[in-house]
Amino acid sequence: MFRSKECIAMLLAGGQGSRLGVLTRDIAKPAVPFGGKYRIIDFTLSNCINSGIDTVGVLTQYQPHELNAYIGNGRSWDLDRMHGGVSILPPYMRGKAGEWYKGTANAIYQNLPFIERYNPRYVLVLGGDHIYKMDYAAMLEQHIETQADCTIAVIDVPLEEACRFGIMNTRPDGTIEAFEEKPKIPKSTKASMGIYIFNWDKLRMYLERDERDIESANDFGKNIIPMMLNSGERLIAYGFRGYWKDVGTIESLWDANMDMLRLDSGFDLDDPMWKIYSRNPAEHPHYIGPHAEIRSSMVTEGSEIYGQVDDSIISFGVHVGEGAVIDHCVIMPGAHIADGAVVRYAIIGENTWIGNQAVVGAAAEPGHAPRITVVGGGIRVGPEAKVEAGAMIEADYASVG
């Protein structure tokens with residue numbers, strides 16, 4: 001029997017991330033590279049250790065191999081602990097048959113034995129596909145002070161975007177009186193961030209009740225939260241006012257990367273008191289060639305730049321050839337941009353090769369949002385090929401003209 005923990009975290013990292021298309025063809029969404037030297041999951045794991053939460057269960061399912069290998073024993077986030085630390089929790093065999101996680105609530109339900117090992121007073125449930133810095137200890141402090149059964153982190157969003165989120169109505173004291181998952185006609189702008197703190201005894205009771213309901217979708221937003229509200233439990237909103245981005249779409253992933261280059265975005269990674277940790281290979285310092293030009297960009301170690309880079313994120317191990325132009329792009333690790341290639345408003349996947357004189361994507365038309373072009377990992381775009389704006393390239397591409 002393990003010693004009891006006051007609070008442990010359960011990180012839901014098993015989603016397919018289908019809206020990211022070819023970027024999640026071979027890896028889980030939380031393992032997608034971000035910001036030159038990170039992966040999406042780094043932000044949640046770093047938040048945990050910075051908040052004093054040293055026991056984290058990571059629930060994986062879809063294409064978990066790279067994510068599992070990346071997390072390893074958790075040393076990069078100071079989560080290699082004898083008592084606690086990080087544990088990978090894939091679906092497992094029960095008796096003669098295995099069972100995939102049917103929903104977010106079912107994923108936690110299948111791992112009740114893991115939680116019971118630590119006999120916590122509180123359980124923090126997290127998503128693994130958001131970019132943000134947040135002190136979960138402050139949220140837990142409010143949860144305890146307000147004697148809540150469940151606390152839900154909320155953020156204000158524009159009314160026109162509210163239909164993408166779980167929306168709630170709150171009373172003046174912060175208690176939640178109504179919750180609706182992705183409403184067609186939102187009546188509030190307070191959106192759930194997918195971050196919950198539960199009293200463990202209450203969470204276990206509602207998970208078991210939900211599992212007995214054969215009509216349930218086994219989901220926190222659709223089932224567990226409404227069930228608790230209807231049963232009269234005390235649900236409290238925790239307002240969050242920092243930077244937060246759901247990077248579940250190509251546009252939001254590109255935009256969050258671009259926010260790293262905008263001084264007014266509120267996205268600050270240069271904070272020694274709240275570091276975002278990651279697991280990176282040991283690379284040599286980046287090299288800037290004698291004729292290279294770099295403006296308003298981030299260039300990571302191990303990269304070699306001989307061409308022009310504007311308003312872009314260059315990951316480690318990237319090569320940008322002579323005469324090449326990179327404009328408003330996210331170039332993921334190991335990509336090779338050959339001499340004379342032009343890449344604009346694009347996300348280029350890991351270990352991708354863009355051939356000489358190829359043209360990938362295009363600048364945004366005046367008055368219109370940019371159409372982000374995506375080239376998947378490991379793909380070769382041939383010399384002089386033309387890839388139109390907004391295209392998603394899923395296989396080697398040699399079209400010319």
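Above this text you will find the structure in question.
So, here is what we can say about the structure in this document. The residue numbers shown here count from 1 along each chain, following its written sequence. Only residues with pLDDT of at least 70 get local features here, since the model is predicted, and only at 80 or more are side-chain atom pairs given and counted; chain-wide, interface and lining totals rely on the full set of residues. Side-chain numbers here rest on the full set of heavy atoms in the structure, without hydrogens or water.

1. Here we look at the side chain of Lys29
Okay, step 1: With respect to the secondary-structure elements, Lys29 resides in the loop between strand E1 (7-12) and strand E2 (33-34).
Okay, step 2: On the basis of relative accessible area, Lys29 is assigned to the buried category, the value being 9%.
Okay, step 3: Polar contacts, as counted here, are pairs of nitrogen or oxygen atoms within 3.5 Å of one another; within protein the pair requires one atom able to donate a hydrogen and one able to accept it, and residues that are adjacent in sequence qualify only if both atoms are side-chain atoms. Within the structure, the side chain of Lys29 is placed 2.9 Å from the side chain of Asp129, a separation counted as a polar contact. The helix and strand labels rest on DSSP assignments: H or I over at least four residues marks a helix, E over at least two residues marks a strand, and numbering proceeds from the N terminus. Type-normalised accessible area, obtained with a 1.4 Å probe on protein chains alone, sets the label of each residue: buried when under 20%, exposed when over 50%, and partly exposed for intermediate values.

2. Concerning the pattern of salt bridges
Okay, step 1: The working definition used for a salt bridge is a side-chain nitrogen of Lys or Arg within 4 Å of a carboxyl oxygen of Asp or Glu. For the structure on display, the rule yields 21 salt bridges.
Okay, step 2: Each of Lys5, Asp54, Asp78 and Arg81 takes part in a single network of salt bridges with overlapping partners.

3. As for the state of the cysteines
Okay, step 1: Note that a disulfide, as used here, is simply two cysteine sulfur atoms within 2.5 Å. Here the structure, examined in full by the defined rule, presents zero disulfides.
Okay, step 2: In this structure Cys150 is not part of a disulfide, and its nearest cysteine sulfur, from Cys7, lies 12 Å away.
Okay, step 3: Judged by its relative accessible area of 0%, Cys150 is buried.

4. Things to note about the environment of Asp259
Okay, step 1: Structurally, the position occupied by Asp259 is in helix H8 (residues 250-259).
Okay, step 2: Under the relative-accessibility criterion, Asp259 is labelled buried at 6%.
Okay, step 3: Along the sequence, Asp259 and Tyr243 sit 16 residues apart, while their C-alpha atoms lie 9.9 Å from each other.
Okay, step 4: By the convention used here, residues are in contact when the closest approach between their heavy atoms is within 4.5 Å. In contact with Asp259, not counting residues within four places along its chain, are Tyr243, Lys245, Ser265 and Phe267.

5. So, the nonpolar core
One recurring pattern in soluble globular proteins: nonpolar side chains tend to sit buried together.
Okay, step 1: By convention a nonpolar core is built from buried Ala, Val, Leu, Ile, Met, Phe, Trp, Tyr and Cys residues, the set being connected through side-chain atoms within 4.5 Å. Ranked by size, the top nonpolar core spans 68 residues in total, and within it Met134, Ile195 and Leu253 carry the most contacts.
Okay, step 2: Residues in contact with Leu253, not counting those within four places in the same chain, are Leu20, Leu23, Val32, Phe34, Ile40, Val247, Met332 and Ile347.
Okay, step 3: Counting residues in hydrophobic clusters, the runner-up holds 35 residues, among them Met10, Ile108, Cys150 and Trp200.

6. Regarding the packing of helix H6 (residues 200-212) against helix H7 (residues 220-230)
Okay, step 1: Interaxial angles span 0 to 180 degrees and are taken between N-to-C directions of axes, which are lines fitted to C-alpha atoms, for helices over the stretch in contact. Running from N to C, H6 and H7 point in directions that differ by 120°, and their axes come no closer than 10 Å. Classified by the interaxial angle, the pair formed by H6 and H7 is oblique. For the crossing formed where H6 meets H7, the hand is right-handed. Residues Leu203, Tyr206, Leu207, Arg209 and Asp210 of H6 form the contact with H7, whose own contacting residues are Phe220, Asn223, Ile224, Met227 and Met228.
Okay, step 2: Side-chain classes follow a simple rule in which Ala, Val, Leu, Ile, Met, Phe, Trp, Tyr, Cys and Pro form the nonpolar group, Asp, Glu, Lys and Arg form the charged group, and the remainder, Gly included, forms the polar group. When grouped by side-chain class, the residues that make up the contact of H6 with H7 number seven nonpolar, one polar and two charged. Our angle categories are set so that under 35 degrees counts as roughly parallel, over 145 as roughly antiparallel, 65 to 115 as roughly perpendicular, and the remainder as oblique. A clockwise turn of the near helix away from the far one marks a right-handed crossing, whereas an anticlockwise turn of less than a right angle marks a left-handed crossing.

7. Comments concerning helix H5 (residues 136-145)
Okay, step 1: All of the buried residues along H5 are Tyr136, Met139, Leu140 and His143. The buried residues of H5 all sit within an arc of 100° when viewed along its axis, so they share a single face.
Okay, step 2: The N-cap residue of H5 is Asp135: its side-chain oxygen and the backbone nitrogen of Ala137 are 2.9 Å apart.
Okay, step 3: After H5 finishes, the residue Gln147 shows a positive phi value of roughly 55°. Directions are taken from the helix axis to each C-beta atom, and the arc is the one they span.

8. Remarks on unusual backbone geometry
Okay, step 1: Unlike most non-glycine residues, Asn119 shows phi in positive territory, near 45°.
Okay, step 2: You can see Asn119 is positioned in the loop between helix H4 (112-118) and strand E8 (122-127).
Okay, step 3: Residues other than glycine seldom take positive phi values, yet Ser296 does so here, at roughly 45°.
Okay, step 4: Position of Ser296 among the secondary structure elements: in the loop between strand E17 (293-295) and strand E18 (298-299).

9. As for the packing of aromatic side chains
Geometry of an aromatic ring pair is reported as the spacing of the ring centres plus the angle between the planes.
Okay, step 1: Ring pairs shown here join Phe, Tyr and Trp side chains whose ring centres sit within 6.5 Å, with only the six-membered ring taken for Trp; geometry is labelled stacked below 30 degrees between planes, edge-to-face above 60, and tilted in between. Scanning the model with the defined rule gives 14 aromatic pairs in all.
Okay, step 2: Between Tyr132 and Phe240, the aromatic rings sit 6.5 Å apart at their centres with planes inclined by 85°, giving edge-to-face as the arrangement. In this pair, Tyr132 is assigned in strand E9 (residues 130-132) and Phe240 in the loop between strand E14 (235-239) and strand E15 (244-246), connecting sequence segments 108 residues apart.
Okay, step 3: When its relative accessible area of 1% is taken as the criterion, Tyr132 is described as buried.
Okay, step 4: Ring geometry for Tyr243 versus Phe267: centroids 4.6 Å apart, planes at 5°, classification stacked. Remark: Phe267 occurs in the loop between H8 and strand E16 (287-288) and Tyr243 occurs in the loop between E14 and E15; sequence separation between them is 24 residues. Judged on exposure class, the residue Tyr243 and its partner Phe267 are both buried.
Okay, step 5: By the ring-pair criterion, three or more aromatic residues cluster together here, those being Phe34, Tyr38, Phe43, Tyr243 and Phe267.
Okay, step 6: Counted as over-ring charges are cases with an Arg CZ or a Lys NZ within 6 Å of the ring centre that also lie within 35 degrees of the ring normal. Positioned over the ring face of Tyr70 is Arg39, at 5.3 Å from the centre of the ring.
Okay, step 7: The ring of Trp353 carries the charged tip of Arg380 above its face, separated from the ring centre by 4.9 Å.

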